[in-house]
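Letter by letter, the chains look like this.
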Amino acid sequence: MINRSILQGRSILHLTKSLGRRTRVCEGNSWFCSVGLGKDGMTERTRRLAEELLSESSSEERRRSALARAITLVESRAPTHRAQADLLLNHALCHKVSSSNPTTSFRLGIAGPPGAGKSTFIEALGLHILNAPEGGRVNHKLAVACIDPSSTVTGGSILGDKTRMMELSRHERAYVRPSPNSGTLGGLSAYTADVVNLFEAGGYDLVIVETVGLGQSEVEISECVDMMVLLVPPGGGDELQGVKKGIVEIADMLVVNKADGNLLQAARSTASDYRGAVHFLRPRTDEWSHIPVLLASAHTGEGVDHVWDEICRYRDMIVASGALDQRRAQQRRYWMWKVLRDLILARTNEDPILKTTADAMEDALNSGSITPRVAAKQLLDTIIETASRKS
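The following paragraphs examine the structure supplied in this document. (Residues numbered from 1 in each chain as written. Predicted model: local features only at pLDDT ≥ 70, side-chain atom pairs only at ≥ 80, totals over all residues. Heavy atoms only, no water.)

A few points about the pairing of strand β2 (residues 142-148)
Each regular strand shows side chains that alternate between the opposite faces of the sheet. Note the threshold: A simple rule labels every residue: compare its accessible area, found with a 1.4 Å probe on the protein chains alone, to the largest value its type can have, and call it buried under 20%, exposed over 50%, or partly exposed in between. Each helix is a run of H or I in the DSSP string that is no shorter than four residues. Each strand is a run of E no shorter than two, and both are numbered from the N terminus. By the convention used here, strands pair only if DSSP detects at least 2 bridges between them.
Counting buried positions along β2 yields seven of seven residues, so the element is predominantly enclosed. Of the two faces of β2, the one holding Leu142, Val144, Cys146 and Asp148 and the one holding Ala143, Ala145 and Ile147 are both buried throughout. By the bridge criterion, five bridges tie β2 to strand β4 (residues 206-210) in an arrangement that is parallel. Directly across from Ala145, in β4, lies its bridge partner Val209.

Digging into unusual backbone geometry
The phi angle at Lys258 is positive, at roughly 65°, despite the residue not being glycine. Relative to the assigned elements, Lys258 resides in the loop between β6 (253-256) and α10 (264-278).

A word on the packing of helix α11 (residues 304-321) against helix α12 (residues 323-350)
Applicable threshold: Lines fitted to C-alpha atoms define the axes here, with helix axes fitted over just the stretch in contact, and angles between the N-to-C directions of these axes take values from 0 to 180 degrees. When an angle is under 35 degrees it counts as roughly parallel; over 145 it counts as roughly antiparallel; between 65 and 115 it counts as roughly perpendicular; any other value is oblique. Contacts between residues were defined by any pair of non-hydrogen atoms, one from each residue, lying within 4.5 Å. The residue classification treats Ala, Val, Leu, Ile, Met, Phe, Trp, Tyr, Cys and Pro as nonpolar and Asp, Glu, Lys and Arg as charged. All others, Gly included, are polar.
Where α11 contacts α12, the two axes come as close as 5 Å, and the packing angle between them is 85°. Considering the angle they form, α11 stands roughly perpendicular to α12. Here Tyr314, Ile318, Val319 and Ser321 of α11 lie close against α12, whose contacting residues are Ala323, Leu324 and Arg327. Looking at the contact of α11 with α12, its residues break down into five nonpolar, one polar and one charged.

Quick word on the packing of aromatic side chains
Let me state the cut-off plainly: Two rings from Phe, Tyr or Trp (for Trp, the six-membered ring) form a pair when their centres sit within 6.5 Å of each other. Planes less than 30 degrees apart are called stacked, planes more than 60 degrees apart edge-to-face, and all others tilted. Only lysine NZ and arginine CZ atoms are considered, and such an atom sits over a ring when it is within 6 Å of the ring centre and within 35 degrees of the ring normal.
Within the structure shown, the criterion is met by four aromatic pairs. On the basis of an interplanar angle of 65° and a centroid distance of 5.9 Å, the ring pair of Tyr175 and Phe199 is categorised as edge-to-face. Taken as a pair, Tyr175 in strand β3 (residues 174-180) and Phe199 in helix α8 (residues 192-201) lie far apart in primary sequence, 24 residues in all. Like Tyr175, the residue Phe199 is buried in the burial classification. Looking at Lys141, its charged tip hangs above the ring of Tyr204, at a distance of 4.5 Å from the centre.

What to know about the environment of Ala145
Mapped onto the elements of the fold, Ala145 is located in strand β2. Ala145 sits in the buried class, given a relative accessible area of 2%. For the pair formed by Ala145 and Phe199, sequence separation is 54 residues and the distance between their alpha carbons is 9.2 Å. With sequence-adjacent residues up to four places away left out, Ala145 is seen in contact with Arg177, Phe199, Ile208, Val209 and Glu210.

Observations regarding the nonpolar core
Definition in use: Nonpolar cores are built from buried Ala, Val, Leu, Ile, Met, Phe, Trp, Tyr and Cys residues. Side-chain atoms within 4.5 Å join them into one set.
Membership of the largest hydrophobic core comes to 50 residues, with the highest contact counts inside it found for Leu53, Leu67, Leu198, Phe199, Met228, Leu230 and Ile247. Residue contacts for Leu198: discarding those within four places in its chain leaves Leu53, Leu67, Ala70, Ile71, Val74 and Leu89. With 39 residues, the next largest nonpolar core counts Ala124, Leu130, Val144 and Ile318 among its residues.

So this is what it looks like as structure tokens:
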């Protein structure tokens with residue numbers, strides 16, 4: 001097992017060398033800001049982009065344009081773009097840490113099988129939130145990240161979810177951004193967490209993440225949001241389906257959509273099945289005594305207000321109990337290790353020595369002379385040895 005302190009020490013040494021200046025390690029969350037990592041090394045173009053995105057004096061049109069360009073930069077696979085994206089994200093973090101009035105968003109995940117009506121429901125919910133009378137409530141700004149599946153053959157994506165949210169996408173306080181999942185499992189794209197952070201940097205206090213059509217085991221959405229709502233269609237499963245481990249187990253709320261017309265009775269039956277099943281599941285948050293199972297219709301709007309009321313109740317509960325901060329911290333740790341695995345894989349394919357070793361391991365696997373487990377161990381040893389020589 002790799003020693004985390006050694007890995008952290010090498011990372012700090014590498015960052016110090018790349019900055020070309022003496023630094024010291026500070027306690028707390030402001031270390032990156034203390035060494036200037038948030039801004040040093042930015043190109044002039046990235047610097048202007050950061051100013052347009054983060055400045056509250058920028059017009060809404062300029063901030064929206066800057067947000068679109070920032071997300072494109074973060075999603076790019078070009079090495080130079082990745083380096084600038086890292087600097088932009090860290091600068092946004094430093095800006096939040098030093099701000100006297102930072103935007104704190106609530107992140108809502110909407111998951112469900114294909115055909116459950118996720119996009120239509122999100123538009124109905126979003127319009128209800130944005131158009132509701134203020135009545136003392138916050139005048140929300142809503143951002144939606146729609147994750148579309150990518151073709152395993154061509155790598156392309158249709159990115160058609162936004163077409164189902166035409167009215168919401170035209171709202172002055174809403175921003176809808178489709179993104180390809182690029183073959184990433186779990187219902188998200190590789191950069192969804194970064195996109196969510198950019199939404200918050202752009203001043204959006206409510207973020208909805210719509211996953212691709214999920215199966216039972218794709219649960220990574222829970223590592224990106226504060227609350228997970230599972231949308232199921234009428235006839236979407238009986239009690240046995242409800243107690244299966246996986247996506248149902250990590251849901252904080254279940255909503256049976258399309259509860260209208262000829263499907264109303266089927267929706268009621270499905271909701272009853274799930275209500276019986278969720279009693280066997282333990283809520284992710286102790287203060288959330290049970291998992292609500294609600295009926296709603298995105299088509300008629302019936303029940304959408306009740307769904308939003310329950311979301312607000314959950315949000316207030318986890319903020320008051322401190323569970324929100326704990327969950328965010330756990331999620332940051334999760335994404336650090338996930339990105340590390342992705343970086344190691346990418347570096348293996350880029351480094352000539354590592355690529356040669358990897359090709360040799362693949363040849364041995366093709367001939368059946370080595371097991372995948374042993375091949376992976378040998379490749380890991382080569383990665384560590386190469387890193388030691390370069391340091």
